[in-house]
Amino acid sequence: MSTLDPDTVDQALRERPGWSRDGDALVRRLQFPDFPAAVAFVTRVVPLAEDANHHPDLAISYRRVEVRLSSHDVGGITDRDLALAERIDAVVEDGEDAGPR
Ligand SMILES: C[C@H](O)[C@H](O)[C@H]1CNC2=NC(N)=NC(=O)C2=N1
């Protein structure tokens with residue numbers, strides 16, 4: 001699978017307002033009510049990543065979580081990243097994301 005051209009990524013991002021492009025990755029920054037909620041969110045992402053065999057870079061800082069998606073094998077953003085972003089958004093909508101990023 002090859003990387004997507006920037007216009008394609010930008011179009012996709014218009015449909016995923018929580019995400020932005022940061023270099024060769026998609027990034028979404030989330031804030032949760034507390035640390036357990038942040039960890040619970042990350043725990044819910046695990047099976048999605050395993051099922052997709054596509055794994056985000058995850059950073060947890062107290063109640064903030066940064067999710068970065070990039071296809072490491074090709075060094076850029078591919079449909080795999082967009083597909084996983086969509087599934088991660090479903091977890092966010094279902095969960096406890098609260099407040100500004
Ligand atoms: C062997 C295994 O399928 C590969 O290493 C997968 C695992 N998860 C992955 N995740 C991401 N983000 N990029 C990859 O290239 C990738 N490759």
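Each value, and the rule that gives it
For every chain, the first residue of its written sequence is number 1, and the numbers climb from 1 along that sequence. Given that this is a predicted model, residues contribute local features only at a pLDDT of at least 70 and side-chain atom pairs are listed and counted only at 80 or more, while totals for whole chains, interfaces and linings are drawn from all residues. To obtain the side-chain values, all non-hydrogen atoms of the structure were included, while hydrogens and water were left out. Any residue under 20% of the maximum accessible area for its type is buried, any over 50% is exposed, and the rest in between are partly exposed; the area is computed with a 1.4 Å probe on protein chains only. Helix and strand assignments come from DSSP, with helices taken as H or I runs of at least 4 residues and strands as E runs of at least 2, each series counted from the N terminus. For two strands to pair, DSSP has to find at least two bridges joining them. Whether a residue is near a molecule or strand depends on its heavy atoms: it is near if one of them lies within 4 Å of it. Pairing of N or O atoms within 3.5 Å defines a polar contact, subject to two protein rules: one partner must be a possible hydrogen donor and the other a possible acceptor, and residues neighboring in sequence count only if both atoms are side-chain atoms. Note on areas: Shrake-Rupley with a 1.4 Å probe; residue coverage comes only from the protein chains shown. For this classification, the nonpolar set comprises Ala, Val, Leu, Ile, Met, Phe, Trp, Tyr, Cys and Pro, the charged set comprises Asp, Glu, Lys and Arg, and every other residue, Gly included, is treated as polar.

A.B. asks: In this structure, what is going on with the pairing of strand β4 (residues 64-69)? I would like to understand it.
C.D. replies: Two faces, one strand: in a regular strand the side chains alternate between the faces of the sheet. Here β4 shows one buried face, formed by V65, V67 and L69, and one open face, formed by R64, E66 and R68. In the sheet, strand β2 (residues 25-31) pairs with β4 via six bridges, with the strands oriented antiparallel. If you follow Q31 over to β4, its bridge partner there is R64.

A.B. asks: How should I be thinking about the pairing of strand β3 (residues 57-61) in this particular structure?
C.D. replies: As judged from the five bridges shared by β3 and β4, these two strands associate in the antiparallel manner. If you follow I60 over to β4, its bridge partner there is V65. Between the antiparallel neighbours β3 and β4 lie two residues, among them Y62 with a positive phi of about 55°.

A.B. asks: Teacher, can you tell me more about the site of the ligand here?
C.D. replies: Near the ligand, the surroundings consist of N53, H54, H55, S70, S71, H72 and D73. A distance of 2.6 Å separates an oxygen atom of the ligand from a polar atom in the side chain of N53. Within the contact set of the ligand, a nitrogen atom lies 3.1 Å away from a backbone nitrogen or oxygen of H72. Burial of the ligand by the protein chains amounts to 61% of its free accessible area of 400 Å². Here the residues of the shell around the ligand are counted per class, giving no nonpolar, six polar and one charged.

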